[in-house]
Structure formats: C-alpha cells, structure tokens
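# Structural overview
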Amino acid sequence: MIWRRMLLIIHTTGILMLSIQLPGCVSNQIYNSSKDKYLSELATPTEETTGVDLAIIEFDEFGMHWEPQQLEDTLKLIHSRNAESSRGIMLVTYTHGWMNNANPDRENSDLARFRAGMLKLASGLHAEGAPAPDHVIGVYLGWRGATNRLPAWSFLSFWDRKNAAERVASYQMRETLFRLTDTAKKRPDTKILLSGHSMGGMILARTLAPTLSTFLLASGPDGVPVPADLILLQNPALDGLAAFQLIEYLKRTGAKAELRHPDGHIEPALGPVIVSVTSEADWVTRVAYPVGQRFQNHSLAFRQDLGEGLPPQAEMANQAHGHLDFLISHRAYIENGEIVIEKIPSAYNDTPFWIVQASEGICRNHGDLYNPKFLRLIETITKMNRLYDTGVQTWITQAP
C-alpha cells in the first residue's frame, strides 16, 4: 500500500504542475493549415532515381482531424502518383511519439528527421537490385505529443500525453490509415510501410490490431493482403496485455505470413508482418512506463490465472511489452560488428508479430532511432520480406 500512496502523490503532483500555465507551454493548434505547408515535393523522379513527396496530417487532443482537407489532398496525391507511375510507388507513414508534434519550425524535431529519412530512403532504393518504386510518399501523422518546451516539465507530461495518445488511437486515425493504404493499394505493386515511435507506436498498434484481426476473420483460409507490407513499432509505449491479446489471436488462428508473386507463386515470408523493436536500455518504457501503469491500473480487477504458463493480467498490463520476456520472440545484438537477429528457441510468441529486444549497443535510449546501428537493424528486418521489391506482396493466412 505504501508504494501506491507514493505513486498517488507523484502522479497528483505532476497533474497539478501540468495544470499551471507555465512559460514554455506548447499551444494547442494546427501547424500546417495551408496546402503549400502540408504537401511538398522533396525530390523529382528520373529513370534512375526515386521522387519524394512529404504530406502532413494533424490530429487534435481528441484524435479528430484539425483540417480534414489534409487527408483528402494526400489521397489525391497518392492517386496521382499511382496513375503516373511506371514502377509502382512506396507509401511510408510515421506516427511520432511523446515530446513531438507537427511544428515545421522546430529544430531537430521528428518531422525534420522524417523528412531527411525519406530522402535517404529514396536515394538507396535502386541499390537494392529489385524493381524499385519510382516515388516515395512520406506521410507524417502529427498529434499533440509535446505540451511544454522545458525538459524538466516535459518529463512530467508522460502520463498525460499517454492518455492523449490513447484518445488519438480511435476513429479518425483508423479512417486515415485505412484510406491511405486502400488508396495506395489500388495499384497492386505499391509497397507500404507503417511506422510509429513511442506513444506513436502505441497509437499505430491500437489502431491497426482490430483491423488486422477483422480482415483475418473475414478472409477465411485463403488469406488476405495485409494493409501494409510491414508495420514497424519503435520503442513503443504499448502494454503487454494489449500485445498478448493480438499474439494469442494470431496463435489460435494459425496465422502465417506469405509473399505472393503476380504469376501465382507463393513463398513463406522470412520476416514479420508486424515488428516491435524495443531497446533493453530504453528507460522510458522500462522504468517510467510501469510506474504510470501501476498507478492507473491500481483499482482494476485483474485475473490471476489466465492458464498454465501464462503470466497474470496485472503483470502484463503494467509492463511495456518489449520488456516482458514472456512475449519477446527475438533478440538483436552486435557480433563481430554485424547485426544479429536471433529467434528465441521455444518462444511463446511464434507469430508474424515479432517482438524484438535490441541490445544497448544497437539503441542506447528511448529516442536513439537514427544512429547507424539501429538503422541497420531496421534495414535488415525490412529486407526479409523484400519491402522494396514491387514484384511481391505480403499476405497473411490462417489455418483452415
């Protein structure tokens, strides 16, 4: 009981502090209201290079579109690029996390890094040797992950922003992701990567998991093309119980990932449909996250016995899934200078939803996503299912 009182004091103090309008507060507003701000062409395509577009779609505190026209104009752009493409396009979405937003004037922001990342991705596509898309469209999904510019006060916003992220993971985010992917896949050789970091990873997972399970329920044993060729969660702030429920469903239905070719050839996918990568050195999801979860969940009536060998509900609900040994399917580390992704023998999680725990040598902390070693890890995973090859498509099937 003592620890609960301590958590109550800490949490209440934080809420009181956050309720005070302090210098440095980030206003609740749209940042890219005109078309020239939320749509931009970063590079034009040639026969040997890939073009790049950047689109920004912003959500408010309750997960509603600040400006619905942002989505409509992005869909028109995707349709236009699909129509003029000779090699297919690649759609990449990114949902940012805590302490970020869609302000284009912030230095070293997630938006600036995403813009640079899209240019770097496009510059390397032709080096893969497979049929490469002739256009990359990067869609930055912004929400109010930052409420204060002062680091000390920003830290106290973690639980408040987590609640906001859970509100964002709702109707209009689901509509946005479905319409983006559906429009892109009107051209069969389009490739799609959906990604999210921190609370953005949680938003992505909570938004897509019901959609994926619904697709599987409706598909039967023949399977269904997944909404994206890869769904990537980076140091996601997602609890273990939510991850467990999706993994349990995939196990129960015998879900498998496949790569399908236009000539009808089918091969098993070497990689995942969904991959969550968490650094063992990520103190935000390893330490801060369970503190907040224990406070928020202290009055819930958890079941103690889910079945033989399964952890109690409370243990999974109070921990980020990337730090629960029971759910981890793979470990990633560096050996002799090379990235190694090792499947855990006899892991409970043997589904197309990989949960990878990365060593500190690969990722040093919660936001260390752009160092060369972490990027090499992500590149290794994306190549497993030939994400950049427009000649194959990712499907998911279930047992008859």
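Please refer to the structure higher up on the page.
This section reports on the structure supplied with the text. Given the structure is predicted, the values throughout are model-derived calculations rather than measurements. Here the residue numbers are simple positions, counted from 1 along each chain's written sequence. pLDDT decides what is reported in this predicted model: residues at 70 or higher carry local features, side-chain atom pairs at 80 or more are listed and counted, and totals for whole chains, interfaces and linings draw on all residues regardless. Side-chain metrics rest on all non-hydrogen atoms present in the structure, leaving aside hydrogens and water.

Below, the discussion takes up empty space enclosed by the protein. In this approach the atoms are scanned with a rolling probe the size of a water molecule, which exposes any empty space left behind. Here a cavity means grid points, on a 1 Å grid over the protein atoms only, where a 1.4 Å probe fits yet cannot get out; a pocket means an open set of points with protein on both sides within 12 Å along at least five of seven lines; lining residues are those with an atom within 4 Å of a point. Grid points are joined across faces, edges and corners, and a volume is the space filled by probe spheres set on the points. As enumerated under the stated definition, the model contains five cavities of 30 Å³ or more in all. The wall of the largest cavity is formed by 15 residues, among which Gln-29, Tyr-31, Trp-66, Trp-143 and Arg-144 lie closest to the centre. We call Asp, Glu, Lys and Arg charged. Ala, Val, Leu, Ile, Met, Phe, Trp, Tyr, Cys and Pro are nonpolar, and the rest, Gly among them, are polar. Looking at the lining of the largest cavity residue by residue, the classes come out as seven nonpolar, five polar and three charged.

Relative to the elements of secondary structure, Gly-201 occurs in helix α8 (residues 199-219). Through-space distance from the C-alpha of Gly-201 to that of Glu-267 is 29 Å; in sequence the pair is 66 residues apart. What makes two residues a contact is simply this: any of their non-hydrogen atoms within 4.5 Å. In this structure, Gly-201 is in contact with Thr-95, Gly-196, Leu-233 and Pro-236, ignoring residues within four places of it in sequence. Helix and strand assignments follow DSSP, with helices taken as H or I runs no shorter than four residues and strands as E runs no shorter than two, numbered in order from the N terminus.

Two strands qualify as a pair provided DSSP detects at least 2 bridges between them. Pairing is antiparallel across the open sheet formed by four strands, whose spatial order is β6-β14-β8-β9. Of all strands in the sheet, those bounded by a partner on one side alone are β6 (224-225) and β9 (266-268). When β6 meets strand β14 (residues 393-397), the two strands line up antiparallel, connected through two bridges. Across the sheet, the residue bridging to Pro-225 is Trp-395, located in β14.

Here we take up the nonpolar core. Definition used in this section: a nonpolar core is a set of buried Ala, Val, Leu, Ile, Met, Phe, Trp, Tyr and Cys residues joined via side-chain atoms within 4.5 Å. Relative accessibility thresholds used throughout: buried, under 20% of the residue-type maximum; exposed, over 50%; partly exposed, between the two (1.4 Å probe, protein chains only). Core analysis: the biggest nonpolar cluster contains 104 residues, and Met-90, Val-277, Leu-377 and Ile-396 have the highest contact counts within it. Among the elements that line this core, the one with the most residues is α8, at eight residues. In contact with Leu-377, not counting residues within four places along its chain, are Val-277, Ala-332, Ile-339, Ile-341, Ala-358 and Ile-362.

Structurally, Glu-175 is set in helix α7 (residues 171-184). Glu-175 has contacts with His-65 and Leu-71, leaving out every residue within four places of it along the chain.

Here the expected span of a helix is defined as 1.5 Å times the quantity of residues minus one. With 14 residues, α7 extends 20 Å from end C-alpha to end C-alpha; this agrees with the ideal 20 Å at 1.5 Å per step. Three or more residues of α7 are buried, namely Met-173, Thr-176, Leu-177, Leu-180, Thr-181, Thr-183 and Ala-184. One side of α7 holds all its buried residues, which, seen down the axis, span an arc of 165°. To be clear, the arc concerns the directions from the helix axis to the C-beta atoms.

Before going further, it helps to spend a moment on the layout of surface pockets. Its volume calculated, the largest pocket comes out at about 690 Å³. What lines the largest pocket is a set of 25 residues, and nearest its centre among them are Gly-117, Leu-121, Leu-375, Ile-378 and Tyr-388. Those elements that provide at least two residues to the lining of the largest pocket are β3 (89-95), α4 (110-124), β5 (191-197), β7 (230-234) and α12 (372-384). Among the elements that line the lining of the largest pocket, the one with the most residues is α4, at eight residues. Within the lining of the largest pocket, the residues separate by chemical class into 15 nonpolar, five polar and five charged.

Further remarks concern the packing of aromatic side chains. Working definition: rings of Phe, Tyr and Trp (its six-membered ring) pair if their centres are within 6.5 Å, and the pair is stacked with planes under 30 degrees apart, edge-to-face with planes over 60 apart, and tilted otherwise. One pass over the structure, following the stated rule, counts seven aromatic pairs. An angle of 65° between the planes, with centres 6.5 Å apart, marks the rings of Phe-178 and Phe-215 as edge-to-face. Of the two residues, Phe-178 sits in helix α7 while Phe-215 sits in helix α8, which places them 37 residues apart along the sequence. Judged by centre distance (6.1 Å) and plane angle (25°), the rings of Phe-244 and Tyr-348 are stacked. Residue Phe-244 is located in helix α9 (residues 240-253), and its partner Tyr-348 is located in the loop between β12 (338-343) and β13 (353-358); the two are separated by 104 residues in the primary sequence. Residue Phe-244 is classed as buried on the basis of its relative accessible area of 8%.

Read these as geometric descriptors, not functional statements.
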